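# Topology and contacts: notes
The primary structure of each chain is shown beneath.
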Amino acid sequence: MKKIAIYPGSFDPVTFGHLDIIKRALKIFDGLIVSVFVHSTKKPMFTLEERVSMLRSALKGNKRVKIDCFNGLLVDYIKKKKINTVVRGLRAISDLEYEFQVSAANRTLYSDIETVFFMPRQRYSYLSSSVVRDISYFGGDVSKMVPPCVVKRIKKKRPDTNRDVFSLP
Ligand code: ADP
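Report follows, based on the coordinates. Source: prediction; values computed, not measured. (Residues numbered from 1 in each chain as written. Predicted model: local features only at pLDDT ≥ 70, side-chain atom pairs only at ≥ 80, totals over all residues. Heavy atoms only, no water.)

### So, a positive patch on the surface
On the surface, K23, K27, R121 and R123 cluster together into a positively charged patch. Tracing the backbone through its elements, the reader meets R121 in the loop between β5 (114–118) and α5 (129–137). (Patch = residues over 30% accessible without salt bridge, like charges linked within 9 Å, V, L, I, M, F, W, Y side chains within 5 Å. Areas by Shrake-Rupley, 256 points an atom, 1.4 Å probe, with all protein chains shown as cover. Salt bridge = Lys/Arg side-chain N within 4 Å of Asp/Glu carboxyl O. Lys, Arg positive; Asp, Glu negative; His and termini not counted. Charge placed at Lys NZ, Arg CZ, Asp CG, Glu CD. Helix = DSSP H or I, 4+ residues; strand = E, 2+ residues; numbered from the N terminus.)

### Thoughts on the nonpolar core
Ranked by internal contacts, the top residues of the largest apolar core, which has 30 residues, are Y7, I22, L32, V34, L55, L59 and V87. For this core, the elements supplying multiple residues, two or more each, are β1 (4–9), α1 (16–28), β2 (31–37), α2 (48–58), β3 (65–70) and α6 (148–157). Looking at which element gives the most residues to this core, the answer is α1, with five residues. Apart from the residues within four sequence positions on either side, V87 is in contact with A5, I6, Y7, P8, I21, A25, F29, L32, V116 and F118. Counting residues in each nonpolar core, the second largest holds twelve residues, with F70, V75, I78 and Y110 among its members. (Core = buried A, V, L, I, M, F, W, Y, C linked by side-chain atoms within 4.5 Å. Buried < 20%, exposed > 50% of the residue type's maximum accessible area, 1.4 Å probe, protein only. Contact = heavy atoms within 4.5 Å.)

### Notes on the environment of G72
Of note, G72 is situated in the loop between β3 and α3 (74–81). With a relative accessible area of 60%, G72 lands in the exposed category. Here the alpha-carbon distance between G72 and K60, two residues twelve residues apart in the chain, equals 27 Å.

### What about α2?
For α2, the complete set of buried residues consists of E50, R51, V52, M54 and L55. In this fold, the buried residues of α2 make contact with β2, β3 and α6.

### Considering the packing of aromatic side chains
Considering all chains together, one arrives at five aromatic pairs under this definition. Seen in terms of ring centroids, F70 and Y77 are 4.3 Å apart; in terms of plane orientation they differ by 10 degrees. Their pairing is stacked. F70 sits in the buried class, given a relative accessible area of 7%. Ring centres 4.9 Å apart and planes at 85 degrees place the aromatic pair Y137 and F138 in the edge-to-face group. The class of Y137 is partly exposed, set by a relative accessible area of 44%. Exposure remark for F138: the relative accessible area of 57% places this residue in the exposed category. Within the aromatic cluster, the residues linked to one another by ring pairs are F37, F70 and Y77. (Phe/Tyr/Trp six-rings, centres within 6.5 Å; stacked < 30°, edge-to-face > 60°.)

### Details of the pairing of β2
Looking down a regular strand, the side chains alternate between one sheet face and the other. The buried fraction of β2 amounts to seven of the seven residues, a majority that puts the element mostly inside the structure. Burial of β2 is two-sided: the residues G31, I33, S35 and F37 facing one way and the residues L32, V34 and V36 facing the other way are all buried. Direction of pairing for β1 relative to β2: parallel, over a ladder of six bridges. Paired with I6 across the bridge in β2 is I33. Running through α1, the crossover from β1 to the neighbouring parallel element β2 is right-handed. For β2 and β3, the ladder comprises six bridges, and the chain directions are parallel. Paired with V36 across the bridge in β3 is C69. (Pairing = 2+ DSSP bridges. Right-handed = clockwise from strand over helix to strand, strands pointing away.)

That is the geometry; function is a separate question.
Shown next, in the form of structure tokens:
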């Protein structure tokens, strides 16, 4: 029987950190469903379609990875998929408390769920989608943090590169 897991996240946008976690998870699992969720509170930089499309380009050709999306509770989604293993990434210690809380809450809702954590390579330990969003907002170079398809998409999103936000009257 094939071992399949689900890797849920916002992926707003996908970074080399996420791709590193996917690569590691595929050493353990036969297949992975990378699933973009529609956040109830956060306003994303990229639409759901854009996030899915960037993941598709970044993972093109990898037959063991499927891209999907969902809204609502993760436990309802994984029950529907009949997959009870969830993959998450652990960066610095700061991730631990949040991830621990979420996986404990999920287990309270659905006792069969298992969460497996992977650590990225050190150089991605401080990389997050929000850092990428902040840097790209001000036109900074994020090519060492995200795959080329994301760099392209960010360039298209930024209409006014010469905006002088701090200019005083
Ligand atoms: P969230 O699900 O909190 O919105 P993300 O979509 O950014 O966060 O991330 C999904 C998962 O990937 C989370 O488990 C997060 O800790 C992990 N992750 C994000 N960036 C990295 C990284 N640079 N290295 C390792 N794991 C990461």
